[in-house]
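What follows is each chain in one-letter form.
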Amino acid sequence: SQTIHQWPATLVQPVGSPLSLECTVEGTSNPNLYWYRQAAGRGLQLLFYSVGIGQISSEVPQNLSASRPQDRQFILSSKKLLLSDSGFYLCAWSFRDRGHEQYFGPGTRLTVT
Amino acid sequence: QKEVEQDPGPLSVPEGAIVSLNCTYSNSAFQYFMWYRQYSRKGPELLMYTYSSGNKEDGRFTAQVDKSSKYISLFIRDSQPSDSATYLCAMSAKNGGATNKLIFGTGTLLAVQP
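No experiment lies behind these values; they were computed from the predicted model shown.

Colleague: Honestly, the overall build of chain A in this entry has me stumped. Any pointers?
Modeller: Looking only at helices and strands, chain A has 0 helices and 11 strands in total. Counting helices and strands in the order they occur from the N terminus, chain A gives β-β-β-β-β-β-β-β-β-β-β. Taken over the C-alpha trace, chain A has a radius of gyration of 13 Å; the compact-globule value for 113 residues is 13 Å, and the two agree within 12%. Oriented by its inertia axes, the alpha-carbon framework of chain A measures out at about 40 × 30 × 25 Å. The burial tally for chain A puts 50% of its 113 residues in the buried class.

What follows is the structure, encoded as structure tokens:
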């Protein structure tokens, strides 16, 4: 069976500091990978998705970036955090041809102070 | 107008009640309809999905899609306190591949009282 991990679980960072969130998937190969942000009362917003190593598509222009250095590893980064970057960040995966079935990780709660 | 509308609740029901959760949408191109359950401070869990119109049943859960009305429902029979969570609907327009962008509702908070 497949498992998705995210870390850290919680993070408190000052404005202007860098960010690196990591997501890994076990038990499958060549997954599609996704980064979402969930803000209170606003649902889930797709930030990035990836269909393979080094292939990143951005959905929302912002000061965040994503990378996929390995098949089952997805990283969300920022060089300088803004207050508005606070939120609950979720990584998800799907099988290559079943993008409607997305499975989420436990999430990282980020507070920018 | 949002593409997907969902009543935020909260919805409070007694244990054993039948729960009805609903979403409406505006994009007639949506083909896949998903329901997720999210416990507090956890990631969403995929409960079930339906393709096009019709019903789908899984244990105590039934998903229903009415494309003519652009309306989907999730029914929970014999509700339990452990069903207390936020329920998110999500929809997708494309068939297969990572470009299946999921559009989420904002979620309905359900509380099942023992």
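Colleague: Explain the interface of chain B and chain A here, please?
Modeller: How big an interface is tends to be stated in terms of accessible area lost as the parts join. Between chain B and chain A, the contact holds 22 residues from the first and 26 residues from the second. Buried surface at the junction of chain B and chain A, summed over both partners, amounts to about 1,800 Å²; 59% is from carbon and sulfur atoms. One salt bridge in this structure joins Lys101 of chain B and Glu59 of chain A, with 2.7 Å as the shortest N-O distance. Scanning the region where chain B abuts chain A turns up 4 residue pairs in polar contact (both at pLDDT 80 or more).

Colleague: What exactly am I supposed to notice about the confidence of the model for chain A here?
Modeller: Detailed reading of the predicted coordinates is not advisable wherever pLDDT falls low. Within chain A, residue pLDDT values average 94, and 99% of them lie at 70 or more. When the elements of chain A are averaged for pLDDT, strand S6 (residues 55–58) of chain A gives the smallest value, 92, and strand S3 (residues 19–26) of chain A the largest, 98.

Colleague: What's the story with the side chain of Arg37 of chain A in this structure? I'm lost.
Modeller: All names here are of chain A. Structurally, Arg37 can be placed in strand S4 (residues 32–38). Engagement of the side chain of Arg37 in a polar contact is seen with the side chain of Tyr89, the distance being 3.0 Å. Contact partners of Arg37, with chain neighbours within four places excluded, come to Gly43, Leu44, Gln45, Leu47, Gln62, Leu64, Ser84, Asp85, Ser86, Phe88 and Tyr89.

Colleague: Looking at this structure, I do not really get the state of the cysteines. What am I missing?
Modeller: Disulfides are covalent bonds that link the sulfur atoms of two cysteine residues. All names here are of chain B. This structure, assessed with the given rule, holds 2 disulfides over all chains. Linked covalently through their sulfurs, Cys23 and Cys89 form a disulfide whose S-S length is 2.0 Å. One disulfide, between Cys23 and Cys89, carries an S-S torsion of -105° and so falls in the left-handed class. Remark: Cys89 occurs in strand S9 (residues 85–92) and Cys23 occurs in strand S3 (residues 19–25); sequence separation between them is 66 residues. You can call Cys23 buried: its relative accessible area is 1%. Of the residues examined, Cys89 reaches a relative accessible area of 0% and is grouped as buried.

Colleague: Which parts of the structure should I look at to understand the sheet that holds strand S7 (residues 61–66) of chain B?
Modeller: Sheets are built from strands that pair by backbone hydrogen bonding, the pairs being arranged parallel or antiparallel. Residue and element names in this part refer to chain B. If you trace the 5 strands from one edge of the open sheet to the other, you get S1-S3-S8-S7-S6, paired in antiparallel fashion. Across the chains shown, the open sheet's two edge strands, defined by having one partner strand only, are strand S1 (4–5) and strand S6 (54–58). Examined bridge by bridge, S6 and S7 share 5 bridges and lie antiparallel to one another. Considered in S7, the bridge of Lys56 is made with Ala63.

What counts and how
- Residues numbered from 1 in each chain as written.
- Chains lettered and ligands numbered in written order.
- Predicted model: local features only at pLDDT ≥ 70, side-chain atom pairs only at ≥ 80, totals over all residues.
- Heavy atoms only, no water.
- Helix = DSSP H or I, 4+ residues; strand = E, 2+ residues; numbered from the N terminus.
- Rg over C-alpha atoms; globule rule 2.2 N^0.38 Å.
- Buried < 20%, exposed > 50% of the residue type's maximum accessible area, 1.4 Å probe, protein only.
- Contact = heavy atoms within 4.5 Å.
- Buried area = accessible area lost by both parts, 1.4 Å probe.
- Salt bridge = Lys/Arg side-chain N within 4 Å of Asp/Glu carboxyl O.
- Polar contact = N/O pair within 3.5 Å; in protein donor to acceptor, adjacent residues only side chain to side chain.
- pLDDT = per-residue confidence, 0-100.
- Disulfide = S-S within 2.5 Å.
- Pairing = 2+ DSSP bridges.

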